[in-house]
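Reading the structure
As a plain string of letters, each chain reads:
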Amino acid sequence: QVQLVESGGGLVQAGGSLRLSCAASGRTFSDYIMAWFRQAPGKEHEFVAAIRWSEGTTYYADSVKGRFTISRDNAENTVYLQMNSLKPEDTAVYYCAADRIWSSRAIMVPSNFGSWGQGAQVTVSS
C-alpha cells in the first residue's frame, strides 16, 4: 500500500520561499509519476508539477513555471517541491499524489491518481 506523507508547509511573506517534501513508502516507485496538486478554499484541485520517478522528466503548470522546481531523491524515496518568489495566490493546501500514468495530459487530472498524501498548508501573506 502506497503511503505519502507531506511536510514543509507554513506561512511566508510574498516573495519568500518554501520547500515541501513528500516521503513515499509501500512499494518501489520506478514506474510511477509523482505529482503535486493544490487546492485553494472554494476551488478545485489544481495541477502544480509532476516528475517521472525513473527518468526524472518534469512537468509544470504555467502558473508556477520559473518559480517552482520539482525534484526527487531516489535514496530517500522523497519528492520535493521548491517554491520561490511565492505570491498570495499560491496560498492553498498542497497535496502529493502518485500513480502509474503515461500520458502527459492525464497527469494533470487529479482523478487519475490513486494515492494521496494528507496535505500541507501553504499561506503566502501580502
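As a reminder, the structure under discussion sits directly above these lines.
Presented here is an overview of the structure given in this document. (Residues numbered from 1 in each chain as written. Predicted model: local features only at pLDDT ≥ 70, side-chain atom pairs only at ≥ 80, totals over all residues. Heavy atoms only, no water.)

1. Concerning the overall build of the chain
Assigned secondary structure in the chain consists of zero helices and 11 strands. N-terminal to C-terminal, the α/β element order of the chain is β-β-β-β-β-β-β-β-β-β-β. For 126 residues, the compact-globule estimate of 2.2 N^0.38 gives 14 Å, and the C-alpha radius of gyration of the chain, at 13 Å, lies within 12% of that figure. Taken over the C-alpha atoms alone, the chain extends approximately 40 × 30 × 25 Å along its principal axes. The burial tally for the chain puts 44% of its 126 residues in the buried class. When contacts within the chain are restricted to residue pairs at least 6 apart in sequence, those whose partners lie at least 24 apart make up 57%. As displayed, the chain offers around 6300 Å² of accessible surface, 46% of which is attributable to carbon and sulfur atoms. If you average the places of the 11 positive and of the 11 negative side-chain charges in the chain, the two averages end up 4 Å apart. (Helix = DSSP H or I, 4+ residues; strand = E, 2+ residues; numbered from the N terminus. Rg over C-alpha atoms; globule rule 2.2 N^0.38 Å. Buried < 20%, exposed > 50% of the residue type's maximum accessible area, 1.4 Å probe, protein only. Contact = heavy atoms within 4.5 Å. Areas by Shrake-Rupley, 256 points an atom, 1.4 Å probe, with all protein chains shown as cover. Lys, Arg positive; Asp, Glu negative; His and termini not counted. Charge placed at Lys NZ, Arg CZ, Asp CG, Glu CD.)

2. With respect to the nonpolar core
If you look at the biggest cluster of nonpolar residues, it comprises 42 residues, and the most contacted ones within it are Met34, Trp36, Leu81, Met83 and Tyr94. Within the residue set of this core, elements represented by two or more residues are strand 3 (18–25), strand 4 (33–39), strand 5 (46–52), strand 6 (58–60), strand 7 (68–73), strand 8 (78–83), strand 9 (92–99) and strand 11 (120–125). When neighbours within four sequence positions are excluded, Tyr94 is seen to be in contact with Glu6, Leu20, Trp36, Phe37, Arg38, Val48, Phe68, Leu81, Met83, Gly119, Ala120 and Val122. (Core = buried A, V, L, I, M, F, W, Y, C linked by side-chain atoms within 4.5 Å.)

3. Observations concerning the sheet that holds strand 1 (residues 3–7)
Strand order in the open sheet formed by four strands is 1-3-8-7, and the pairing between neighbours is antiparallel. On the outer flanks of this sheet lie strand 1 and strand 7, each paired with one strand and no other. Looking at each pair of strands side by side, their axes are set apart by 15° on average, direction ignored. Two strands pair when backbone bridges link them, and strand 3 and strand 8 are joined in this way by six bridges, in the antiparallel orientation. Residue pairing in the sheet places Ala23 in a bridge with Thr78 of strand 8. (Pairing = 2+ DSSP bridges. Axes fitted to C-alpha atoms, helices over the stretch in contact; angles between N-to-C directions.)

4. Let's talk about unusual backbone geometry
In the Ramachandran plot, Asn77 falls in the positive-phi region, its phi being about 50° despite a non-glycine side chain. One non-glycine residue, Ser85, adopts positive backbone phi at about 50°. Tracing the backbone shows Ser85 in the loop between strand 8 and strand 9. A residue is classified by how much of its surface remains accessible, and Ser85, at 42% relative accessible area, is partly exposed.

5. Quick word on the side chain of Arg52
Here Arg52 lies in strand 5. Buried Arg52, no salt bridge; nearest opposite-charge side chain is Glu55, N-O distance 4.2 Å. Of the polar contacts made by the side chain of Arg52, one reaches the side chain of Tyr59; its length is 3.0 Å. Among all residues touching Arg52, those that are not within four sequence positions of it are Tyr32, Ile33, Thr57, Tyr59, Arg72, Ile101, Trp102, Ser103, Ser104 and Ile107. (Salt bridge = Lys/Arg side-chain N within 4 Å of Asp/Glu carboxyl O. Polar contact = N/O pair within 3.5 Å; in protein donor to acceptor, adjacent residues only side chain to side chain.)

6. Notes on the state of the cysteines
Considering all chains together, one arrives at one disulfide under this definition. Across the disulfide, Cys22 is cross-linked to Cys96 (sulfur-sulfur distance 2.1 Å). One disulfide, between Cys22 and Cys96, carries an S-S torsion of -75° and so falls in the left-handed class. Of this pair, Cys22 sits in strand 3 while Cys96 sits in strand 9, and the two are 74 residues apart along the sequence. Assigned by exposure class, Cys22 and Cys96 land together as buried. (Disulfide = S-S within 2.5 Å.)

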